[in-house]
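Secondary and tertiary structure notes
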Amino acid sequence: MKITFLKNLLMLGAFLCLGLVQGQEISGTVSDATGPLPGASVVVKGTTNGTQTDFDGNYSLSGVEEGAVLAFSYIGYKGQDITVAGQSTIDVVLEEDAQALEEVVIVGYGSQQKKEITTAVTSVSSEDFNQGTVNDPTQLLQGKVAGLTIVNKGGDPNTNGTVRLRGISTIGGNQEPLVVIDGVLGGSLNNVDPNDIENITVLKDGSAAAIYGTRGSAGVILVTTKSGKVGQPMQLTYNGQFATSSIANQIDIMNAQEFLAAGGNDLGSDTDWIDEVTQTGYSHVHNIAAVGGTNDVSYRVSGNFRKLDGILYNTGFKQLNARTNVTARLFDDKLKVDFNSALTRRDSKFGFNEALRYAITYNPTAPVFGKDAPFPFASSQYGGFFETLGLFDSFNPASIARQSDNDGTTNTINYSMNFNYRLTDHLAANVNFATQNIKKNRSQYFPTTALYLGNAVSPTTRGLANFLTEETRFDLFEGFATYNNTVGDNISFTVTGGYSFQETDFNNVFFQLGDFPPGINFDFRNNIESSQDLTEAGRIVANSDRRDGDRIVAFFGRLNATFDDAIYLNASLRREGSSRFGEENQWGLFPAVAVGADLNKYIGLDNVNLLKARIGYGVTGAIPPEVGLFATTYALNPGTSGQDGSSTGQGNRAPNPDLKWEEKGELNFGIEFATDRLSATLDLYTRNIDDFISLVNVDAALYGGISQRYENAGQLKTNGLEFTVNYDAVKKENFNYNTGLIFSTYKTTLEKNPQGDQVIANLGAPGQNNTSVILVREGEEVGQIWGPVFTGEVDANGTPQLVDVNGDGEVITDQGKALDDDVDFAVLGKGLPDFEIGWTNQVTFGNWDVNAFFRGAFGHSLVNTFRAFYEPIIGSQSSYNFMNTEFARSDIKTAQFSSYYVEKADFLRLDNLSIGYNWNVDSDHIKDIRLSLSGQNLFTITGYSGTDPEPVLQDFGDNNSANGEIVITDGAIDTGTANPLAPGIDRRNSYFTQRTFTLGLNINF
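One structure accompanies this document, and this report is about it.

So, how was this worked out
Residues numbered from 1 in each chain as written. Predicted model: local features only at pLDDT ≥ 70, side-chain atom pairs only at ≥ 80, totals over all residues. Heavy atoms only, no water. Patch = residues over 30% accessible without salt bridge, like charges linked within 9 Å, V, L, I, M, F, W, Y side chains within 5 Å. Areas by Shrake-Rupley, 256 points an atom, 1.4 Å probe, with all protein chains shown as cover. Salt bridge = Lys/Arg side-chain N within 4 Å of Asp/Glu carboxyl O. Lys, Arg positive; Asp, Glu negative; His and termini not counted. Charge placed at Lys NZ, Arg CZ, Asp CG, Glu CD. Helix = DSSP H or I, 4+ residues; strand = E, 2+ residues; numbered from the N terminus. Buried < 20%, exposed > 50% of the residue type's maximum accessible area, 1.4 Å probe, protein only. Polar contact = N/O pair within 3.5 Å; in protein donor to acceptor, adjacent residues only side chain to side chain. Contact = heavy atoms within 4.5 Å. Phe/Tyr/Trp six-rings, centres within 6.5 Å; stacked < 30°, edge-to-face > 60°. 1 Å grid on protein atoms, 1.4 Å probe; cavity = no way out; pocket = protein on both sides within 12 Å on 5 of 7 lines; lining within 4 Å. Points joined across faces, edges and corners; volume = space filled by probe spheres on them. Nonpolar A, V, L, I, M, F, W, Y, C, P; charged D, E, K, R; others polar. Pairing = 2+ DSSP bridges. Core = buried A, V, L, I, M, F, W, Y, C linked by side-chain atoms within 4.5 Å.

Let's talk about a negative patch on the surface
On the surface, a cluster of negative charge is made up of Asp-808, Glu-810, Asp-820, Asp-821 and Asp-822. Mapped onto the elements, Asp-820 comes out in the loop between strand S46 (800-802) and strand S47 (826-830). Its relative accessible area of 36% is what places Asp-820 among the partly exposed residues.

What follows is the structure, given as structure tokens:
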């Protein structure tokens, strides 16, 4: 598959030499085991007389002396030297060189040989992807790239993983790396089926990502999809998977007998509420692809269907994806046209994660259905379910999971056309058009019998329906030219220059209404005219938003040069403008430079293939998180009735026309080492983020009574280290064992904060809604967990005793004094790990292969909010269940947050184990078959008592929008903005972790 890619690449950039020496004419063909090699190089050694093969692998070379030696070469193949010796026809068959295949890497707006790369870049091929049921393509890379953290805490099938490259890249803006799919910026990974991906390359440091400017500030992920093959009859492939998922770990709670022994209220039943809301998830995936090509056109067409059930009842999705890649070559191979298109439809059932939360806290002696209540109960009013009426924050979890609906449909379509025309042997022009359109429809329905958000106890306002439609359109036009040449015998260079135009248009419409007719089992989303809210003023919630013309315009240039085939230079400059700034600050300039040298060429160490040192510095920028944050806002008053006049007043945010770009400057030093069996890479980096954009408190007297506005104020500094090593421990004809380890660590310090020192991340209700647990302090590390320290002693009233931290004889632990000098608080842990590792083990023997992948994170802690809220056995809460972890103490009867509820969360996990067998059938209809069995999340070694010890990289608070629920605050959609300064809080709405077993079948026809 890589060979085909390299063929196409070399056709675009092959060097053509014109013969200067008169002599005989030599002709022939160059091919490999499967067919002709277009673009192969044929050169008379010691001269500049050479040529390249045409599309059919043919070449013709004149002016060749009789005793000359012809050098035949092609990237990815072992070269051959053949003496002419009077021959007029010389045909050559080149052999693949597996090591050389790894030497070409896709980078921004082009490609380079791996040895020439001067920046921190990691490329992962499909053979090295994580196996098993993978629904989010980022999971293919989990643990595979040093410095890249991918966390999908709990494994909710409808939630994308949180992706961070080298930690925090900004405070208020986008934290996710830019995704580039087949050269198209800003593509949606959800529109690419994992089976269609050939390679993923990660640009990690600033000098690598600077060519992408703003959008590369958080790093860049380049995705190359599988493509067609030239001159090959159509070949069909089938990939299928069947998987089962079950709960891997759940929170320990009391059963009915333990609950009663602890003084709980007896409602006469014995119910396992976790079992009532969870299920075994069954999934199946099918991928069919047709690949082939003629001499002028190659193609790959694929169709994918996947159905996945989550372990929470009523969660999962169905997805259909179709992708087409077509490449045509015209005008004697001078023009290459690529057409890519993809269509994805996903129908999701989001369910309600709150069902899991209430399954932990609901009375285990309560019955599921009202008919089993120990007293007369109006079951029909609640859809047949039992409810503990009159209690605060108490809802039947089975009713939440089964009665209400939370559904969504996403349609994504994108297409692109790329035209590459080789004007001369050294100059090529490239033009790329692309469009992506994403349309989402969401609806939630709570019937009149639902107590949770359905208001079943109300005589007048039962039932609720929410509707949300969002549409995002992204258009891209890019044009660039590439010129490559040599100077003398020792210098080669490539110059790239171009223009980029990007525009995003967004709009949404939301409305909410309810009060449907009771006593009818009907989905009133399909009959909203029955809502009584239509006759009551002010009860309908409606809003819309539109943001058009969100544009980025850029001019960019880059120089790559190689000196003496051992010293490498990469320099780039991008000037970029964004419509998110005012007229005076729309443009930013982002330079980068990096140099590297293969030291072994001059040192000459035996058995060493590469010893390269490199250093690079690059500047990238970040734009505000939304359009118009620099401008004046207005508060609109529509009036209270049709008789009132509407009015316009002052908004709640002051304008800032001086708002400007954030800047991230990053210095990276790296060393690469390689022998035939051992390779290793070490990267050290430091980066500073200046003038980050955030909403800050200002003096209202200076801004017309308004106390907030967006400003450039603040600085972050990150220092990090990444190390990767790979070793072929055993390399024999029928048995191979390869092992690899990645290690990454970083520390981020808040050098300057416009808000000053703060304590953030409120735990919330009930009872702890004034308890904030994350310290934000200038000059200190990000993510410190802050609070009182538990002595281990409990007084006669069941109140935990706290440490006099400063030794002044007085214990002060009031939350309102959390930043005072005399407060008895301490750093209880930190939310970000000290380091992360990934350990890969690959064994092949005969037709068998085994892959075991371990992943771990160490040094981080988590605030276990389930324990903090529900572990203390409080007499007044005898109608709620209690935690039953190894830390639970029956003598603690007061919910006081302290170090007791902060746990070390170090873990080592067998993330993936796969075993496969390959049959070489080679029949008339089937070429080969592969059967595999894989397990994911098989076991975890940890001391953490919660469901999942994975780091929590950001905090949404108790906002359920992070878990698929539409949340309305003050009549508007609350998207639940994540706070990267508050990692380390394991919230109560987390999805349970799951263990998955997958049976896979691959057939090549």
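From this point, the narrative continues.
Concerning the side chain of Arg-653
Along the polypeptide, Arg-653 turns up in the loop between strand S34 (647-650) and strand S35 (662-674). Polar side-chain contacts of Arg-653 include one of 3.2 Å to the backbone oxygen of Gly-628. For Arg-653, the residues in contact, after removing those within four places along its chain, are Gly-628, Leu-629, Ala-631, Thr-633, Leu-695, Ile-706, Gln-708, Arg-709 and Tyr-710.

Topic: the packing of aromatic side chains
Counted according to the given criterion, the structure contains 39 aromatic pairs. Seen from their ring centres, Phe-555 and Trp-587 are 6.4 Å apart, and the 25° between their planes marks the pair as stacked. Taken together, the residues Phe-555 in strand S29 (residues 541-563) and Trp-587 in strand S31 (residues 587-598) connect sequence positions 32 residues apart. For Phe-555, a relative accessible area of 42% corresponds to the partly exposed category. According to the relative accessible area criterion, Trp-587 is partly exposed, its value standing at 36%. An angle of 35° between the planes, with centres 4.9 Å apart, marks the rings of Phe-581 and Trp-661 as tilted. One end of the pair, Phe-581, is in the loop between strand S30 (567-578) and S31; the other, Trp-661, is in the loop between S34 and S35, and 80 residues separate them in sequence. As far as the burial class goes, Phe-581 and Trp-661 line up, both buried. Taken together, the aromatic side chains of Phe-419, Phe-433, Phe-477, Tyr-499, Phe-555 and Trp-587 make up a single cluster linked through ring pairs.

Regarding empty space enclosed by the protein
Taken as a whole and assessed by the stated rule, the structure comprises 11 cavities of 30 Å³ or more. A volume near 580 Å³ is recorded for the largest cavity. Elements represented by at least two residues in the lining of the largest cavity include exactly strand S22 (297-309), strand S52 (907-920), strand S53 (928-942) and strand S57 (993-1004). Across the lining of the largest cavity, the residue classes break down as three nonpolar, 20 polar and nine charged.

Describing the side chain of Thr-271
With respect to the helices and strands, Thr-271 occurs in the loop between helix H4 (256-261) and helix H5 (273-277). Thr-271 sits in the buried class, given a relative accessible area of 11%. Once you skip the residues sitting within four places of it in the chain, Thr-271 turns out to touch Glu-276, Pro-364, Ala-366, Pro-367 and Val-368.

Some details on a nonpolar patch on the surface
Nonpolar side chains collect at one region of the surface, where Phe-242, Tyr-282, Trp-919, Val-921, Leu-931, Leu-933, Leu-999 and Leu-1001 lie side by side and expose about 710 Å² of accessible area between them. If you list the elements that add at least two residues to the nonpolar patch, you get S53 and S57. Its location among the elements puts Leu-999 in strand S57. Given a relative accessible area of 45%, Leu-999 falls into the partly exposed group.

Points about the sheet that holds strand S51 (residues 902-904)
Pairing between sheet strands relies on hydrogen bonds along the backbone, with the strands arranged either parallel or antiparallel. With mixed pairing, the three strands of this open sheet are ordered in space as S51-S50-S56. Pairing within the sheet leaves two strands with one partner each, and these edge strands are S51 and strand S56 (985-986). Of the strand pairs in this sheet, strand S50 (residues 861-864) and S56 are connected by two bridges, and their pairing is parallel. Across the sheet, the residue bridging to Asn-864 is Asp-986, located in S56.

Points about the pattern of salt bridges
In total, this model carries 47 salt bridges according to the counting rule given. Across the pair Arg-166 and Glu-722 runs a salt bridge whose closest N-O atoms are separated by 2.8 Å. Of this pair, Arg-166 sits in the loop between strand S15 (162-165) and strand S16 (178-181) while Glu-722 sits in strand S39 (residues 715-731); the two residues are 556 residues apart in sequence, bridging distant segments of the chain. Classification of Arg-166 by relative accessible area gives buried; the value is 0%. Two residues, Arg-987 and Asp-955, come together in a salt bridge whose shortest N-O distance is 3.0 Å. You can see Arg-987 sitting in the loop between S56 and S57 and its partner Asp-955 sitting in the loop between S53 and strand S54 (968-969), a full 32 residues away along the chain. With relative accessibility at 7%, the residue Asp-955 sits in the buried group. Members of the salt-bridge network, linked through shared partners, are Arg-166, Lys-204, Lys-664, Glu-666, Arg-687 and Glu-722.

Re the nonpolar core
Core analysis: the biggest nonpolar cluster contains 64 residues, and Leu-716, Val-773, Ile-774 and Phe-897 have the highest contact counts within it. Broken down by secondary-structure element, the contributors of at least two residues to this core are H5, helix H6 (354-361), helix H7 (397-403), strand S41 (758-764), strand S42 (768-776), strand S45 (790-794) and helix H9 (865-870). For this core, the leading source of residues is H6, giving five residues. In contact with Phe-897, other than residues within four places in its own chain, are Leu-763, Gln-768, Thr-771, Val-773, Trp-786, Gly-787, Pro-788, Leu-828, Val-863 and Val-902. Of all hydrophobic cores here, the second largest spans 19 residues; its members include Val-124, Val-145, Leu-189 and Val-202.

Some points on unusual backbone geometry
We note that Asp-393 has phi near 55°; this positive angle belongs to a residue other than glycine. Within the secondary structure, Asp-393 sits in the loop between H6 and H7. Not every positive phi belongs to a glycine, and Asp-691 is a case in point at roughly 60°. Among the residues examined, Asp-691 registers a relative accessible area of 28% and is labelled partly exposed.

Quick notes on the environment of Ser-500
Tracing the chain through its elements places Ser-500 in strand S28 (residues 491-514). Ser-500 sits 441 residues away from Tyr-59 along the chain, and the two C-alpha atoms are 38 Å apart. Contacts of Ser-500, omitting those with residues within four sequence positions, involve Tyr-109, Leu-476, Phe-477, Glu-478, Ile-552, Val-553, Ala-554, Phe-556 and Arg-574. Among the polar contacts listed, one links the side chain of Ser-500 to the side chain of Gln-502, at a separation of 3.3 Å.

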